[in-house]
Amino acid sequence: MTFKLTTYKTLKGTKKILELKKRKKTEAVIYKDDKPSYYVNCFDLQTESNVIMNSLVLSQQRCIHEVVKEIGKKNNVNLSIQEAPFLAFEKSVEYTDMELPPLPESWLN
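Caption draft 1: Examining the pairing of strand S4 (residues 35-41) more closely. Within S4, five of the seven residues are buried, which leaves the element mostly enclosed by the surrounding structure. From the end of strand S3 (residues 27-32) to the start of S4, which pair antiparallel, there are two residues, and Asp 33 there has a positive phi angle of about 55°.

Listed below in structure tokens is the structure:
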């Protein structure tokens, strides 16, 4: 899958964020320990962990950020969804092909 790697210039320095090409509320790049590690698509019903995420996010009408934070806390793992810093300038954008696995099913039960 193709992702957008954006470099931002902030007051604290430079920050790189791997993002979706188009921002969607039902898809996200999940960071583990501040590194892009997983990709979640709530409408990909071919992958079991995405089906479970669909249930957690859409059926319960919850925000994907909330659900990811809860999963991280429950499994004692540092998970997050990175977003552009509040005070930042977009420095550069490049597109990169990368395969990120879905969240482990064991974390979702």
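After that view, the rundown keeps rolling.
Caption draft 2: Geometry of helix H1 (residues 48-59). With twelve residues, H1 extends 15 Å between its outermost C-alpha atoms, agreeing within 8% with the 16 Å of an ideal straight helix rising 1.5 Å per residue. Residues of H1 that are buried include every one of Ser 49, Asn 50, Ile 52, Met 53, Asn 54, Leu 56 and Val 57, and no others. The inward-facing, buried residues of H1 abut S4, helix H2 (64-74) and helix H3 (105-108). Once H1 ends, the next one or two residues include Gln 61, with phi positive near 50°.

Caption draft 3: Structural detail: the layout of surface pockets. In this model, the largest pocket occupies a volume close to 410 Å³. For the largest pocket, the lining is made up of 21 residues, of which Arg 23, Lys 24, Glu 27, Ile 81 and Glu 83 are closest to its centre. Among the secondary structure elements, those contributing two or more residues to the lining of the largest pocket are strand S1 (2-10), strand S2 (13-19), S3 and H2. Ranked by residues supplied to the lining of the largest pocket, first place goes to S3 with four residues. Considered class by class, the residues forming the lining of the largest pocket number ten nonpolar, two polar and nine charged.

Caption draft 4: View of H2. What H2 keeps buried is the set Ile 64, Val 67, Val 68, Ile 71 and Gly 72. Angular distribution of buried residues about the axis of H2 spans 135°; they occupy a single face of the element. Opposite its buried face, H2 presents the exposed residues Lys 69, Lys 73 and Lys 74, each directed more than 90 degrees away. Packing partners of the buried residues in H2 comprise S3, S4, H1, strand S5 (79-80) and H3. In the stretch just after H2, Asn 76 is the one whose phi turns positive, near 55°.

Caption draft 5: Representation of the pairing of S3 in the model. Where burial is concerned, most of S3 is hidden: five out of the six residues are buried. Of the pairings in the sheet, the one linking S3 to S4 comprises six bridges and is antiparallel in character. Directly across from Glu 27, in S4, lies its bridge partner Asn 41.

What counts, and at which threshold
- Residues numbered from 1 in each chain as written.
- Predicted model: local features only at pLDDT ≥ 70, side-chain atom pairs only at ≥ 80, totals over all residues.
- Heavy atoms only, no water.
- Buried < 20%, exposed > 50% of the residue type's maximum accessible area, 1.4 Å probe, protein only.
- Helix = DSSP H or I, 4+ residues; strand = E, 2+ residues; numbered from the N terminus.
- Pairing = 2+ DSSP bridges.
- Expected span 1.5 Å × (residues − 1).
- Contact = heavy atoms within 4.5 Å.
- 1 Å grid on protein atoms, 1.4 Å probe; cavity = no way out; pocket = protein on both sides within 12 Å on 5 of 7 lines; lining within 4 Å.
- Points joined across faces, edges and corners; volume = space filled by probe spheres on them.
- Nonpolar A, V, L, I, M, F, W, Y, C, P; charged D, E, K, R; others polar.
- Arc of directions from axis to C-beta.

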